[in-house]
Amino acid sequence: MRAMGKAGGIAARRKGLGASAGGRARPNPNPFEVKVNRQKFPVLGRKARHAVGLPGVSRARAVQKRTQTLLKEYKERDKSNVFTDKRFGEYSSNMSPEEKMMKRFALEQQRQHEKKSIYNLNEDEELTHYGQSLADVEKHNDIVDSDSDAEERGTLSAELTATHFGGGGALLHKKTAQQQGEEGEKPRSRKELIEELIAKSKQEKRERQAQREDALELTEKLDQDWKEIQTLLAHKTPKSDNKDKKEKPKPDAYDMMVRELGFEMKAQPSNRMKTQEELAKEEQERLEKLEAARLRRMLAKDEDGGTKKPKHQSADDLNDGFVLDKDDRHLLSYKDGKVSTEEEQSREAGDDNSDEEQDEGPSEDSEESSGPDGHSDLESDVESEEDRETQQAPGKRLKSDGHKAREAARTELPYTFAAPESYEELKSLLSGKSTEEQLLVVERIKTCNHPSLAVGNKAKLEKLFDFLLEYIGDLATDDPPDLRVIDKLVVQLYNLCQMFPESASGCIQFVLRDAMHEMEGAIEARGRAAFPGLDVLIYLKLAGVLFPTSDFWHPVVTPALVCMSQLLTKCPVLSLQDAVKGLFVCCLFLDYVSLSQRFIPELINFLLGILYIATPNKQSQGYTLVHPFRASGKNSELLLVSDEEDIATWQRRGLSLHWANGLKAQTKTEANHVRLSCLAVCLALVKRCVLTYGPLPSFHEIVRPLRALLTEHLAACSHPQELQDLCRSALAAMGKQERRYRPLIREKSKPVPLKLFTPRLVKVLEFGRKQGSSKEEQERKRLIHKHKREFKGAVREIRRDNQFLARMRLAETLERDAERKRKVKHLFNSLATQEGEWKALKRKKFKK
């Protein structure tokens, strides 16, 4: 049985091979060639991958699919145009050909009958009758003679039928017989008869066209006459009927307003807003034009660049070519030995007596001068010199005016400035000028060197910020300091800081770092440090103006806060100048924390010390002094004032920063007034602190020492009334703040569990899975395995695509080579045939 099965299998294989070799499709597959992948046992949750397939079937399907897709793309790789059939339903397999044709016909009819414009109500559909438009039928182009028989319409004549469809033989024979019988002339040929027939048909066509045109002209003339008659037949209502009609109602206010709005002029579009670069470019061009005009005025040049030179005028010059828009010249004359003008003479023309005396005076003088002793020669010389001076006076005046214009142009501020390369150059530009001129110079430097105008202007303006900062420091160290110029230059610094924040922050950081290094060096050398100069205080003020102070951390503001804290804790108050500087730093602190309300303990401690050194009774009640203040010593009563006369003459004023720059009091009264002013400023700062730190929960503990000192100040009746009012207002502000306690909240902490000996749970490992991995790790490995499998499949398909394309290219190459060999063989055969024929012909000729 086993041998019979093997023999049967071999026979079946041979039969299958024979069928495939013969090219015939086998009806049933060979069961020995069917490949079956079976699972030995089912697994729960695992997808079944067994399949049944014939050998070569899947490969044939893959080749067929590549032929339909990949081969088509390969053949169309060099083609840029693609034919697309956009007929309706062409690529739809759900529609039958009859349905496609019906739908296409419906769409075509719909496209023909749809209106071109949905808003054109006069557009009508074109109506037809037997395929002919009704509009053409109504024109009556086909004019038919009424006398003709209706039955003969549409029929062809026998002659025309015989000529065109019968070959023309009968007509030719008939006409030839008639012509021979009637005329006896030579019969005409077929060509002549056809030409005569064509001419006759053209003649009839022209006659029909002429009749049609005449009928059209008559129709148009009739329409025109009817229109003229219709105007005469128009019905007009009598006036009596019009009167009976109601009058039109007058429009109300709303209608009138609507009509006014309709006729109101519409808003015109405005020009677009220009960018900062365009504005800077226009401003630079404007300043350059102004600077060029100033230089021309300074050098007395015209717009062409030529220097204006006064022209020489002779005595006989009549100034014929001199034209003025407005003639401001005055005629000069002499009166009593003095030069007078026409304006003066017109003012004196009202007095007639004076005019007569002026007329008689010169005549007497002329008579006296005619005498022998009149010295007429000398007088004539004097008169000629005066005449020359009179003629030269306008030229001198023009020269003086030109000189004044040049001097004014020299003193005028230039309109364009180059960016300074060093601090000395900037100082030379700004020194000796007023505040407004300095601001104008800085503004023009910034405008002429805007970053959008050139590549290197950004670095130049960054240097300008550094130079301006140094210039402000020099102004602050002057005696007295020019605080007004500093206040105006802050605006320019702010603008530059907005343009280059990183560079500006670096400059301020460098200044603060330098001040901190100096203070640390002084502490290491002497054990204490003095308050810095006014320039450092101005820099601290600038840091709060140029940068935001409400940030939790800022690269400039945070170091500034640290620097001010070090000043209030490490710099002792040894003089009035130190007290003024410390109070200024306290003002800066409150400005810094006005938004963030950050608590500054150094501020409270310094205000407490200032109140202590101004207290007359040294009784420690509920407060303790810390460094840099001392409970006893040389400066423990620095701000104490005991002179009643100075107290009575004191008036509250603001403290000037000139005291911080080393200004000393000239008299004892002035010094006492400064002490009282410091105490007033301290009380005002205490009130600001109360308003700022009032919402804090520990507010009452913070202000407890301040309340004790204020109570002592209020108990001392020797203070002025204004100071006492300040103390009362500060204490009232403290009393208004409600006492806020923190509610007791149990601390939220995770309870610590007891140590227990819990068993270690080990997951049961399944067969076939990798051990020692969590669920996430298993999912990750599964995805990696799936990606690897898909990647291999994609690489395999790409490799098979490349093999398929290689086979196609090889087939094309073989086909081209076969075609070329065939053509070459055919060419050689034809050449051999020609050569044989030529040799045979040559042989025949040789034999002859």
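Residues numbered from 1 in each chain as written. Predicted model: local features only at pLDDT ≥ 70, side-chain atom pairs only at ≥ 80, totals over all residues. Heavy atoms only, no water.

In the annotation of an unreviewed UniProt entry, the protein is listed under the name Nucleolar protein 14 and assigned to Puma concolor. If you open the UniProt record of the protein and go to Function (unreviewed entry), you find "Involved in nucleolar processing of pre-18S ribosomal RNA. Has a role in the nuclear export of 40S pre-ribosomal subunit to the cytoplasm." (UniProt positions renumbered as here; feature names shortened; annotations may be inferred.)

Trainee: When you look at the overall build of the protein in this model, what are you seeing that I'm missing?
Mentor: Each helix and strand counted, the protein has 29 helices and 6 strands in total. The buried share of the protein, reckoned over its 848 residues, is 24%. In the protein, of all internal contacts separated by at least 6 residues, the share reaching a separation of at least 24 is 65%. Carbon and sulfur atoms make up 54% of the accessible area of the protein, which amounts to about 65,500 Å² in all. (Helix = DSSP H or I, 4+ residues; strand = E, 2+ residues; numbered from the N terminus. Buried < 20%, exposed > 50% of the residue type's maximum accessible area, 1.4 Å probe, protein only. Contact = heavy atoms within 4.5 Å. Areas by Shrake-Rupley, 256 points an atom, 1.4 Å probe, with all protein chains shown as cover.)

Trainee: Just checking my understanding: could you explain a negative patch on the surface for this structure?
Mentor: On the surface, Glu213, Asp214, Glu217, Glu220, Asp223, Asp225 and Glu228 cluster together to form a negatively charged patch. Residue placement: aspartate 214 occurs in helix H8 (residues 190-232). We classify aspartate 214 as partly exposed; its relative accessible area is 43%. (Patch = residues over 30% accessible without salt bridge, like charges linked within 9 Å, V, L, I, M, F, W, Y side chains within 5 Å. Salt bridge = Lys/Arg side-chain N within 4 Å of Asp/Glu carboxyl O. Lys, Arg positive; Asp, Glu negative; His and termini not counted. Charge placed at Lys NZ, Arg CZ, Asp CG, Glu CD.)

Trainee: Help me out: how do you make sense of the nonpolar core in this one?
Mentor: Counting residues in each nonpolar core, the largest one holds 114 residues, and the members touching the most others are Phe465, Leu469, Leu540, Leu603, Leu607, Ile610 and Leu611. Tallying contributions element by element places helix H25 (residues 668-693) first for this core, with 13 residues. Membership of the second largest hydrophobic core comes to 5 residues, among which are Leu70, Tyr74, Phe804 and Leu805. (Core = buried A, V, L, I, M, F, W, Y, C linked by side-chain atoms within 4.5 Å.)

Trainee: Is there a simple way to explain the environment of isoleucine 486 in this structure?
Mentor: By the element assignment, isoleucine 486 lies in helix H18 (residues 483-499). Residue isoleucine 486 is classed as buried on the basis of its relative accessible area of 5%. Sequence-wise, isoleucine 486 and isoleucine 538 are 52 residues apart; in three dimensions their C-alpha atoms are separated by 9.0 Å. Excluding residues within four positions of it along the chain, isoleucine 486 makes contact with Ile472, Leu475, Ala476 and Ile538.

Trainee: I'm lost on helix H20 (residues 534-546) in this one. Help?
Mentor: Count 3.6 residues to each turn of an α-helix, and residues three or four apart come out pointing the same way. In this model H20 runs 18 Å from its N-terminal to its C-terminal C-alpha over 13 residues, within 8% of the 18 Å that 1.5 Å per residue would give. Looking only at H20, the buried set comprises Leu534, Val536, Leu537, Ile538, Tyr539, Leu540, Leu542, Ala543 and Leu546. Tucked inside the fold, the buried residues of H20 contact helix H17 (457-477), H18, helix H19 (501-526), helix H21 (557-570) and helix H22 (576-592). (Expected span 1.5 Å × (residues − 1).)

Trainee: Help me out: how do you make sense of the pattern of salt bridges in this one?
Mentor: Charged atoms that come close allow side chains of opposite charge to pair. Scanning the model with the defined rule gives 17 salt bridges in all. Across the salt bridge formed by glutamate 90 and arginine 87, the nearest N and O atoms sit 3.1 Å from each other. With a closest N to O distance of 3.3 Å, aspartate 591 and arginine 688 form a salt bridge. Here the residue aspartate 591 occupies a position in helix H22, and arginine 688 occupies one in helix H25, the gap between them amounting to 97 residues. Here the salt bridges do not stand alone but share partners, grouping Arg66, Glu797, Arg800 and Asp801 into one network.

Trainee: How should the confidence of the model for the protein be read in this particular structure?
Mentor: Low pLDDT means the predicted atomic positions in that stretch should not be read closely. Mean pLDDT over the protein works out to 75, with 67% of the residues at or above the 70 mark. In the model, residues 143-153 has pLDDT below 50 throughout and makes 4 contacts with residues more than four positions away in sequence or in other chains. (pLDDT = per-residue confidence, 0-100.)

Trainee: Sorry if this is basic, but what is going on with the packing of aromatic side chains here?
Mentor: We describe a pair of aromatic rings using the distance from one ring centre to the other and the angle between the two ring planes. Here the structure, examined in full by the defined rule, presents 2 aromatic pairs. For the pair phenylalanine 599 and tyrosine 693, a centre-to-centre distance of 5.4 Å together with 75° between the ring planes defines the contact as edge-to-face. Here the residue phenylalanine 599 occupies a position in the loop between H22 and helix H23 (601-613), and tyrosine 693 occupies one in helix H25, the gap between them amounting to 94 residues. Among the residues examined, tyrosine 693 registers a relative accessible area of 1% and is labelled buried. Taking NZ or CZ as reference, arginine 77 lies 4.0 Å from the ring centre of tyrosine 74, over its face. (Phe/Tyr/Trp six-rings, centres within 6.5 Å; stacked < 30°, edge-to-face > 60°. Lys NZ or Arg CZ within 6 Å of the ring centre and 35° of its normal.)

Trainee: What should I look at first to understand the packing of helix H16 (residues 435-448) against H17 in this one?
Mentor: Packed helix pairs are characterised by how far apart their axes lie and by the angle those axes make with each other. Packing of H16 against H17 brings their axes to within 11 Å, and their N-to-C directions diverge by 160°. Relative to H17, the element H16 is oriented roughly antiparallel. The interaxial crossing formed by H16 with H17 has left-handed handedness. Counted together, Gln438, Val442, Ile445 and Lys446 of H16 and Leu461, Leu464, Leu468 and Tyr471 of H17 form the full contact between these two elements. (Axes fitted to C-alpha atoms, helices over the stretch in contact; angles between N-to-C directions. Parallel < 35°, antiparallel > 145°, perpendicular 65-115°, else oblique. Left-handed = near helix turned anticlockwise from the far one by under 90°.)

Trainee: Got a minute to help me understand unusual backbone geometry in this structure?
Mentor: Glycine aside, a negative phi is what most residues show, and trans is what most peptide bonds show. Following aspartate 479, the chain continues into proline 480 via a peptide bond in cis, with omega recorded as 0°. Inspection of the secondary structure puts proline 480 in the loop between H17 and H18. Looking along the chain, the bond that leaves histidine 627 and enters proline 628 is cis, with omega of 15°. By the element assignment, proline 628 lies in the loop between H23 and helix H24 (644-649). Even without a glycine there, the phi angle at glutamine 597 is positive, about 55°.

Trainee: Before we go on, may I ask you to explain a nonpolar patch on the surface in this structure?
Mentor: Taken together, the side chains of Val824, Leu827, Phe828 and Leu831 make up a nonpolar region of the molecular surface, amounting to roughly 380 Å² of accessible area. Within the secondary structure, leucine 831 sits in helix H29 (residues 775-847).

Trainee: I keep staring at empty space enclosed by the protein and nothing clicks. Help me out?
Mentor: Any empty space left between atoms is shown by rolling a water-sized probe over those atoms. All told, the structure shown has 1 cavity of 30 Å³ or more when counted by the stated rule. Considering only enclosed or pocket space, the largest cavity measures out at about 30 Å³ in volume. Lining of the largest cavity is provided by Ile604, Val686, Cys689, Val690, Tyr693, Phe699, Ile702, Val703 and Leu706. Examining the composition of the lining of the largest cavity, we find that 4 residues originate from one element, H25, more than from any other. In terms of residue class, the lining of the largest cavity is built from 9 nonpolar, no polar and no charged. (1 Å grid on protein atoms, 1.4 Å probe; cavity = no way out; pocket = protein on both sides within 12 Å on 5 of 7 lines; lining within 4 Å. Points joined across faces, edges and corners; volume = space filled by probe spheres on them. Nonpolar A, V, L, I, M, F, W, Y, C, P; charged D, E, K, R; others polar.)

Trainee: When you look at H19 in this model, what are you seeing that I'm missing?
Mentor: Given a rise of 1.5 Å per residue, 26 residues ought to cover 38 Å, and the 37 Å separating the end C-alpha atoms of H19 matches this to within 8%. Burial in H19 covers these residues: Ala504, Ser505, Cys507, Ile508, Val511, Leu512, Ala515, Met516, Met519 and Ala522. The secondary structure elements touched by the buried residues of H19 are H17, H18, H20 and H21.

Trainee: So what exactly am I meant to see when it comes to the side chain of glutamine 577 here?
Mentor: Of note, glutamine 577 is situated in helix H22. A distance of 3.3 Å separates polar atoms of two side chains, one belonging to glutamine 577 and the other to serine 575. When sequence neighbours within four positions are dropped, the list of residues in contact with glutamine 577 reads Trp659, Gly662, Leu663 and Lys664. (Polar contact = N/O pair within 3.5 Å; in protein donor to acceptor, adjacent residues only side chain to side chain.)

Trainee: Please clarify how the side chain of asparagine 672 should be interpreted in this entry.
Mentor: Tracing the sequence through the fold places asparagine 672 in helix H25. Classification of asparagine 672 as buried rests on a relative accessible area of 5%. A polar atom in the side chain of asparagine 672 sits 3.0 Å from the side chain of arginine 675. When sequence neighbours within four positions are dropped, the list of residues in contact with asparagine 672 reads Val641, Asp643 and Asp646.

Trainee: Which parts of the structure should I look at to understand the packing of H17 against H19?
Mentor: Relative to each other, H17 and H19 sit at 30°, their axes nearing to 9 Å. Taken together, the axes of H17 and H19 lie roughly parallel to each other. The way H17 lies across H19 gives a crossing that is right-handed. Contacts from Glu462, Phe465, Asp466 and Leu469 in H17 reach Ser503, Ala504, Cys507, Ile508 and Val511 in H19.

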